[in-house]
Amino acid sequence: MIDNLEYNTEREHLIIPEYGRHLQKMINHAKTRETKEEREKLAKSIIAVMGNLQPHLRDVADFQHKLWDQLFIMSDFELDVESPYPKPSRELLSERPAPLKYPQNHPKYRFYGNNIKTMIDVANTWEDGELKEALLYTIANHMKKCFLNWNKDTVEDAVIYDHLFELSNGKIDLRNSKEDLSDSGSLLRSKGKYNNSNNTNNNSKKKKNTNHRSRKRY
């Protein structure tokens, strides 16, 4: 019995391992049939078994088309049967996919992030009014907070207004505004308070875990 043992490394390579070795043997057997009628009958039976083995594919729109494509792929494109769908080709399968085009954004002021530019573009589409004015100052305050994350010192409101004017291509001009943005100290304190609260929670969790470890268990 030991002499008849087979190892997977010695067996035939599985093209789609998810279906298992027995289904691969069924496909190999169908390729050896002499008459086309018999091969087509076996192919339809194999498709039915594949559908039962992959029930999650039933939600796919082209469920049967996908199964037939996989049948030809597992047969190494050697199964001579009629398919209700166009047969896949070896050349098409071996083609390398086209490279994806990633967005290449290189903003001048990277410390503001790409979302600021998106917010500015959206604000430019709004009609003038109190709601748009509130949005513009919200964007300016967020820009100031982002600036302080990059530069811990301070920043004048005029600098933020100049950057906003430049990033909006001159469509948003708050340079002559008398409205003051949030104070730099308050923005830094709010960030420090948030970090301190996180540190406190982490320390309390560590203390609880330490207390549990120190208990004696009998």
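Everything that follows concerns the structure shown earlier in this document.
Residues numbered from 1 in each chain as written. Predicted model: local features only at pLDDT ≥ 70, side-chain atom pairs only at ≥ 80, totals over all residues. Heavy atoms only, no water.

### Some thoughts on the nonpolar core
Point 1. Core analysis: the biggest nonpolar cluster contains 22 residues, and Y112, M143, I160 and L164 have the highest contact counts within it.
Point 2. For this core, the secondary structure elements donating two or more residues are α5 (114-125), α6 (130-150) and α7 (157-167).
Point 3. Looking at this core, the element that brings in the most residues is α6, giving 9 residues.
Point 4. Look past the residues within four positions of L164 in its chain and what remains in contact with it is I120, L136, I139, A140, M143, I172 and L174.
Point 5. Counting 18 residues, the second-largest nonpolar core is a separate cluster that includes I27, I47, L79 and V81. (Core = buried A, V, L, I, M, F, W, Y, C linked by side-chain atoms within 4.5 Å. Buried < 20%, exposed > 50% of the residue type's maximum accessible area, 1.4 Å probe, protein only. Helix = DSSP H or I, 4+ residues; strand = E, 2+ residues; numbered from the N terminus. Contact = heavy atoms within 4.5 Å.)

### Brief notes about the pattern of salt bridges
Point 1. Taken as a whole and judged by the stated rule, the model has 9 salt bridges.
Point 2. One salt bridge connects R33 with E38, and the closest N-O pair in it is separated by 3.8 Å.
Point 3. Owing to a relative accessible area of 35%, E38 belongs among the partly exposed residues under this scheme.
Point 4. For E82, the salt bridge goes to K36, with nearest N and O atoms at 2.8 Å. Here K36 lies in helix α2 (residues 36-53) and E82 lies in the loop between α3 (63-74) and α4 (90-94), a separation of 46 residues in the sequence. (Salt bridge = Lys/Arg side-chain N within 4 Å of Asp/Glu carboxyl O.)

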